[in-house]
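Residue-level structural notes
Here is what each chain is made of, one letter per residue.
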Amino acid sequence: MKVLILAGGFGTRLSEETNLIPKPLVKIGEKPILWHIMKHYSAFGYNEFVILLGYKGEMIEEYFINQLKVLNWDITFLNTGLKTDTGGRIKRAAQHIDNQTFMLTYGDGLADIDLIQLSSFHEKHGGMATMTSVQLASRFGIIEIGENQRVTQFKEKPKENEAWINGGFFICEPGILDYIENDSTTFEKDPLATLANEGKLFTYQHHGFWKCMDTLRDKRELDKLSNNSPIPWLKQ
């Protein structure tokens, strides 16, 4: 199964770092956060990656081309445009999906999700997409979960203190591309909301480690965690 990684955003809320390099290359410990994400997938046997590039994408490509001599990863670098939104970036990868089920995540989030269990959950429910959810007081959109862990509604930035939110680790059927109109489509809005309304979006509730690197404070917290043994997001 191929893994698509959204790595084209400007990372404006982390401008202290992203003025010079793209957000996925910001280092956690000694390695870029994107390396940590890919290392997690690789630990579960997923070694085929499609990196959806945009802002300073050539720097990401250069870094990993130099690393391929020591990595057993098959990486496709796809320039999806500087201002293309998340849905548009995914849509542009259609030719690389080969009409097969694929994994999808962002280039700025780390978790210790069991990807084998995630895949098994996706296969069992038979929906169009599985979205990992985590429970956290958040600035992000939340989801409402009904019977059989079916997503019943998708909301943006609620006032509640705690809620289940989009954790960013997806498994999608190729038909999801039909829900994305063009480069301006935000994946987290209309496509996911429509799938939820149609009863085709399910969630895998993750109770373990998860953290998104959204700000410099987040980056520093992840840096500290990277000194732990074991590192909380890397399979041992």
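Before reading on, note that the structure itself is shown above.
Each value, and the rule that gives it
- Every chain is numbered independently, its residues counted from 1 as its sequence is written.
- Local features in this predicted model are restricted to residues of pLDDT 70 or higher, and side-chain atom pairs are both shown and tallied only at a pLDDT of 80 or more, whereas totals for entire chains, interfaces and linings draw on every residue.
- To get the side-chain values, take all heavy atoms of the structure and skip hydrogens and water.
- When a residue's accessible area, from a 1.4 Å probe over protein chains only, is under 20% of the maximum for its type it is buried; when over 50% it is exposed; and in between it is partly exposed.
- For the purposes of this entry, the term helix denotes a DSSP run of H or I that reaches at least four residues, the term strand denotes a run of E that reaches at least two, and both are numbered from the N terminus.
- If you view a crossover with the strands going away from you and the path from the first strand over the helix to the second runs clockwise, you call it right-handed.
- Each nonpolar core is a collection of buried residues, namely Ala, Val, Leu, Ile, Met, Phe, Trp, Tyr and Cys, held together in the definition by side-chain atoms within 4.5 Å.
- Here a residue-residue contact requires only that any non-hydrogen atoms of the pair lie within 4.5 Å.
- Note that the arc is defined by the directions from the helix axis to the C-beta atoms.
- Polar contacts, as counted here, are pairs of nitrogen or oxygen atoms within 3.5 Å of one another; within protein the pair requires one atom able to donate a hydrogen and one able to accept it, and residues that are adjacent in sequence qualify only if both atoms are side-chain atoms.
- The definitions used throughout rest on a 1 Å grid laid over the protein atoms alone, on which a cavity is an enclosed set of points accommodating a 1.4 Å probe that cannot get out and a pocket is an open set flanked by protein within 12 Å on both sides along at least five of seven lines; lining residues are those having an atom within 4 Å of a point.
- Grid points are joined across faces, edges and corners, and a volume is the space filled by probe spheres set on the points.

With that settled, the discussion passes to the pairing of strand β4 (residues 48-53). Of all 6 residues in β4, 5 are buried; the element is thus mostly enclosed. In terms of handedness, the path from β4 via helix α3 (residues 57-67) over to strand β5 (residues 74-79) forms a crossover that is right-handed.

This part is about the nonpolar core. Ranked by internal contacts, the top residues of the largest apolar core, which has 49 residues, are Met-38, Tyr-41, Phe-49, Ile-51 and Phe-64. Tallying contributions element by element places helix α2 (residues 33-43) first for this core, with 6 residues. Residue contacts for Tyr-41: discarding those within four places in its chain leaves Val-3, Tyr-46, Phe-49, Met-103, Leu-104, Thr-105, Leu-115 and Phe-169. Leu-6, Phe-154, Leu-177 and Ile-180 belong to the second-largest nonpolar core, a separate cluster that totals 29 residues.

With that settled, consider helix α6 (residues 115-125). Residues of α6 that are buried: Leu-115, Leu-118, Ser-119, Phe-121, His-122 and His-125. When α6 is viewed along its axis, its buried side chains cluster within an angular range of 160° and face the same direction. Of the exposed residues in α6, those oriented more than 90 degrees away from the buried face are Glu-123 and Lys-124. Capping the start of α6, Asp-114 holds a side-chain oxygen 3.0 Å from the backbone nitrogen of Ile-116, two or three residues further along. After α6 finishes, the residue Gly-126 shows a positive phi value of roughly 70°.

Here we take up empty space enclosed by the protein. Over the atoms rolls a probe the size of a water molecule, and its path tells where empty space is left. Throughout the structure, instances matching the rule amount to 1 cavity of 30 Å³ or more. The calculated volume of the largest cavity comes to roughly 30 Å³. Lining the largest cavity, in full, are His-36, Ile-37, His-40, Gly-109, Leu-110, Ala-111, Phe-169 and Trp-233. Contributions of two or more residues to the lining of the largest cavity are made by α2 and β7 (109-111).

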